[in-house]
Amino acid sequence: MATAVPAHPTACLALADGSIFYGVGFGATGQTVAEMCFNTAMTGYQEIMTDPSYAGQIVTFTFPHIGNTGTNAEDDETADPVAAGMVVKWMPTEPSNWRATQDLSAWLAARGRIAIGGIDTRRLTRTIRQQGAPHAALAHDPDGNFDIEALVAAARGFAGLEGMDLAKDVTCAQSYRWNEMRWAWPEGYVPQTAPKHKVVAIDYGAKRNILRCLASAGCDVTVLPASATYEDVMAHQPDGVFLSNGPGDPAATGAYAVPMIRDVLDKTELPVFGICLGHQMLALALGGATVKMGHGHHGANHPVKDIDTGKVEITSMNHGFAVDSQSLPAGVVETHRSLFDGSNCGIRMEGRPVYSVQHHPEASPGPQDSYYLFERFAEAMSARA
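The rules behind the values
- Residues numbered from 1 in each chain as written.
- Predicted model: local features only at pLDDT ≥ 70, side-chain atom pairs only at ≥ 80, totals over all residues.
- Heavy atoms only, no water.
- Buried < 20%, exposed > 50% of the residue type's maximum accessible area, 1.4 Å probe, protein only.
- Helix = DSSP H or I, 4+ residues; strand = E, 2+ residues; numbered from the N terminus.
- Pairing = 2+ DSSP bridges.
- Axes fitted to C-alpha atoms, helices over the stretch in contact; angles between N-to-C directions.
- Contact = heavy atoms within 4.5 Å.
- 1 Å grid on protein atoms, 1.4 Å probe; cavity = no way out; pocket = protein on both sides within 12 Å on 5 of 7 lines; lining within 4 Å.
- Points joined across faces, edges and corners; volume = space filled by probe spheres on them.
- Nonpolar A, V, L, I, M, F, W, Y, C, P; charged D, E, K, R; others polar.
- Lys, Arg positive; Asp, Glu negative; His and termini not counted.
- Salt bridge = Lys/Arg side-chain N within 4 Å of Asp/Glu carboxyl O.
- Polar contact = N/O pair within 3.5 Å; in protein donor to acceptor, adjacent residues only side chain to side chain.
- Phe/Tyr/Trp six-rings, centres within 6.5 Å; stacked < 30°, edge-to-face > 60°.
- Lys NZ or Arg CZ within 6 Å of the ring centre and 35° of its normal.

Within helix α9 (residues 277–285), nine of the nine residues are buried, leaving the element largely enclosed by the surrounding structure. Listed in full, the buried residues belonging to α9 are L277, G278, H279, Q280, M281, L282, A283, L284 and A285. After α9 finishes, the residue G287 shows a positive phi value of roughly 105°.

This is the structure in C-alpha cells:
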C-alpha cells in the first residue's frame, strides 16, 4: 500500500511488509537498510542522529519542524552521525538560530546519511506502534529511479537487531582521557581543572554529554573500549566504574562485557553506575535478563517514577530492549519504573553503591530532573575516600 506520490519523488522508503512511502530526498544519496523507530522529541535532532545508541536504526521524527535550527559542531554527541537515516514530515527550512553553522541537509550529506521528507509520519508512527519496529530500506535518487521490488527485498533481508552486537562498531578504538564539562553560558564548554575522583568509563557507545556530566560532577574520566577486561579497568586504579549507553542487543554485547563487570562486583567494593545499555549490562551481570520491546522507547517526554521517593522525573529515552524486572534476583532492587508501560527503568544492589538507570539523565529534558544520579555516583566515591 502506497502513500500519495509527489510530482517528482526523489526518495523512497520501503518496509518489509511491502508498504511504500514516496517523498523528497535530502542529505546523502544512495540506499540504507535498518530497523525503523520513531522519536517524539521536539528538539535535539542533531543529538539524536549522533547518539551511538541509534546504530542500525532509521529514525522517524513525529515532530514536523525538524532542521529549523540548523546544526553546529558543539551539539554532536560523537564524531559522526550513527543513525542510518532520517524520516520527516516537512522538508527542513532555512536554519534560524544564532548557533547554526550549517543547514541539516548539507550536514547529513557531508556525513553520508540519507533523509526523506514529505512523509506521512503519523501513519508511519502508527504502523510502528501497532506492528512493532519494522525493517526498512531507504533510498535517495535525485533522478527518482527506484527498484521497488529490490528495496522491499532488502528490507526483508535485514537481519534485525536481536542477537546483534553493535557496541563493537561504535566503541572507541583505544583509551582516552576526558575533562570537558557541561555547556554553560557564556563560556560554553570548559575543562575540569580540579577533579576529585578517578573514573573508568566503559564505552559501549558513549555520548559526549554523559562524559561531560561525569566531569562536571568532579570526575577525572578515562574512557576504555567496550572489550576492556577487569585487568584493563583496575590498571587505572579507579575510584568508580561507569557503564555507558550503546546500541544493539544487550545479550550479544554481554558475552564479553558481563564477565568484566562481574569481576568488578566480586573482587572490589567500587561504586558502579550504568546508563541505558550500561544499565542492561549491569542487570545481566547481576543475574537478570533482557527482552526485545515491540517499538521501544524513543523520546524526551517519558515519565519515570523513582520508586523509593515517589518522585516522577521527565526523562529522555532511547532503547529497544529492556531489563525484565521479573528476572531480578534477590539482593537486586527495582528503583525506577516507566509510567507509560510499567517497564523497568532502574536497579540497585542492596547494601552496595551499585546502580543503573535505563533513561538518559544527561539529556536534560526535565531539564535537571535526573542529574542527581551523577552526584550520587560522586558521593558514593567520596564516601570510600
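Turning next to the sheet that holds strand β14 (residues 312–323). Pairing is mixed across the open sheet formed by 10 strands, whose spatial order is β8-β10-β9-β11-β12-β17-β16-β15-β13-β14. The open sheet has two edge strands, β8 (176–178) and β14, and neither has a second partner. Across the sheet, the mean angle separating the axes of adjacent strands is 25° when strand polarity is ignored.

This part covers the side chain of T60. Tracing the backbone through its elements, the reader meets T60 in strand β4 (residues 57–61). Once residues lying within four places of it in the same chain are set aside, the contact partners of T60 are M36, C37, F38, N39, V87, T121, L124 and T125.

Under the criterion given, the structure shown has one cavity of 30 Å³ or more. Lining of the largest cavity is provided by 17 residues; of these, S53, P247, G248, H319 and G320 occupy positions nearest its centre. The set of elements that each furnish at least two residues to the lining of the largest cavity consists of α9, β13 (290–306) and β14. Top element by residues in the lining of the largest cavity is β14. It accounts for four residues. Of the residues contributing to the lining of the largest cavity, the split by class is six nonpolar, nine polar and two charged.

Here we take up the side chain of D141. Examined against the element boundaries, D141 turns out to sit in the loop between β7 (135–140) and α4 (148–157). The side chain of D141 sits in the buried core without any salt bridge; R113 is the nearest counter-charge, 18 Å away. For D141, the side chain forms a polar contact with the main-chain nitrogen of N145, separated by 3.3 Å. Beyond its immediate chain neighbours, meaning those up to four positions away, D141 contacts T10 and F146.

What characterises a pair of aromatic rings is the spacing of the ring centres plus the angle enclosed by the ring planes. For the coordinates displayed, the defined rule picks out six aromatic pairs. Aromatic side chains W98 and W185 sit 6.1 Å apart centroid to centroid with 90° between the ring planes, which places their arrangement in the edge-to-face category. With W98 in the loop between β5 (85–87) and α2 (104–110) and W185 in the loop between β8 and β9 (197–203), this pair connects stretches of sequence that are 87 residues apart. The same class applies to W98 and to W185, which are both exposed. Through a chain of ring-to-ring contacts, the aromatic side chains of F242, F273, Y355, Y371, F374 and F377 assemble into a single cluster. Residue placement shows K267 over the ring face of Y230; its charged tip is 4.8 Å from the ring centre. Positioned above the aromatic ring of F321 is the side chain of K292, whose terminal nitrogen or guanidinium carbon lies 5.4 Å from the ring centre.

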